[in-house]
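Spelled out, the chains give:
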Amino acid sequence: MNRNQTTLARKQLDKRLTPLRAAKPALPPRGWLRAIREALGMTARQLAARMKVAPSRISAIEKAEVSGTTTIKTLREAAAALDCTFVYAFVPNKPLEEILRDRAAQKAALDVARLDHTMRLENQALLKSDLDDERRRVVDLILSGSLRGLWEDD
């Protein structure tokens with residue numbers, strides 16, 4: 001994918017994720033599976049029959065969901081048995097462009113700090129305004145190139 005396609009794809013993904021970021025659904029204390037099952041008036045035994053598993057398996061699945069040890073496959077199967085759609089997503093806490101800009105700013109701050117240190121050693125310290133301008137320039141330079149290096153630790 002070229003740079004323009006990558007940027008467009010990121011913007012489209014961000015647009016699709018915005019409603020999810022705003023929703024922030026709260027996990028029911030005893031898990032989604034149990035909450036939906038009980039809301040439908042379905043017993044664990046009835047759900048087990050629909051999933052073609054032993055009734056004790058439903059209790060185990062519900063406990064595993066709450067503890068975070070279940071699998072996506074199991075949750076998909078349970079959702080299907082409840083006539084639900086299982087949704088799985090990574091929802092960024094802020095827009096993707098903002099995450100990129102923040103990371104670029106961190107990298108730029110390190111680069112400019114090294115430059116400033118070197119200049120001070122040579123008795124050529126830069127003004128704060130010059131350092132700020134250089135930081136902005138480096139951020140723009142980082143974001144205009146390949147983003148792969150953005151996530152490398154220095």
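Described in the following lines is the structure provided in the data block. Since the model is a prediction, treat every value here as computed from it, not as a measurement.

**Focus: the environment of Ile-72**
Among the structural elements, Ile-72 can be located in helix H5 (residues 72–81). Under the relative-accessibility criterion, Ile-72 is labelled partly exposed at 31%. Sequence separation between Ile-72 and Tyr-88 is 16 residues; the distance between their C-alpha atoms is 8.2 Å. Once residues lying within four places of it in the same chain are set aside, the contact partners of Ile-72 are Phe-86 and Tyr-88.

**So, helix H3 (residues 44–51)**
When H3 is considered as a whole, its buried residues turn out to be Leu-47, Ala-48 and Met-51. Here the buried residues of H3 occupy an arc of 105 degrees about the axis, which is enough to place them on one side. Seen from the open side of H3, the exposed residues pointing more than 90 degrees away from its buried face are Arg-45 and Ala-49. Looking one or two residues beyond H3, the residue adopting positive phi is Lys-52, at roughly 60 degrees.

**Re the packing of aromatic side chains**
Here the structure, examined in full by the defined rule, presents 1 aromatic pair. Here Tyr-88 and Phe-90 contribute two aromatic rings whose centre-to-centre distance is 5.7 Å and whose plane-to-plane angle is 80 degrees, an arrangement assigned as edge-to-face. Residue classification places Phe-90 among the exposed positions, given a relative accessible area of 66%.

**Regarding the layout of surface pockets**
By volume, the largest pocket amounts to about 800 Å³. Looking at the largest pocket, it is lined by 23 residues, and the ones nearest its centre are Pro-25, Trp-32, Phe-86, Val-87 and Tyr-88. Where the lining of the largest pocket is concerned, the elements lending two or more residues are helix H1 (3–23), helix H2 (32–39) and H5. Of the residues contributing to the lining of the largest pocket, the split by class is 18 nonpolar, 2 polar and 3 charged.

What counts, and where the lines are drawn
Residues numbered from 1 in each chain as written. Predicted model: local features only at pLDDT ≥ 70, side-chain atom pairs only at ≥ 80, totals over all residues. Heavy atoms only, no water. Helix = DSSP H or I, 4+ residues; strand = E, 2+ residues; numbered from the N terminus. Buried < 20%, exposed > 50% of the residue type's maximum accessible area, 1.4 Å probe, protein only. Contact = heavy atoms within 4.5 Å. Arc of directions from axis to C-beta. Phe/Tyr/Trp six-rings, centres within 6.5 Å; stacked < 30°, edge-to-face > 60°. 1 Å grid on protein atoms, 1.4 Å probe; cavity = no way out; pocket = protein on both sides within 12 Å on 5 of 7 lines; lining within 4 Å. Points joined across faces, edges and corners; volume = space filled by probe spheres on them. Nonpolar A, V, L, I, M, F, W, Y, C, P; charged D, E, K, R; others polar.

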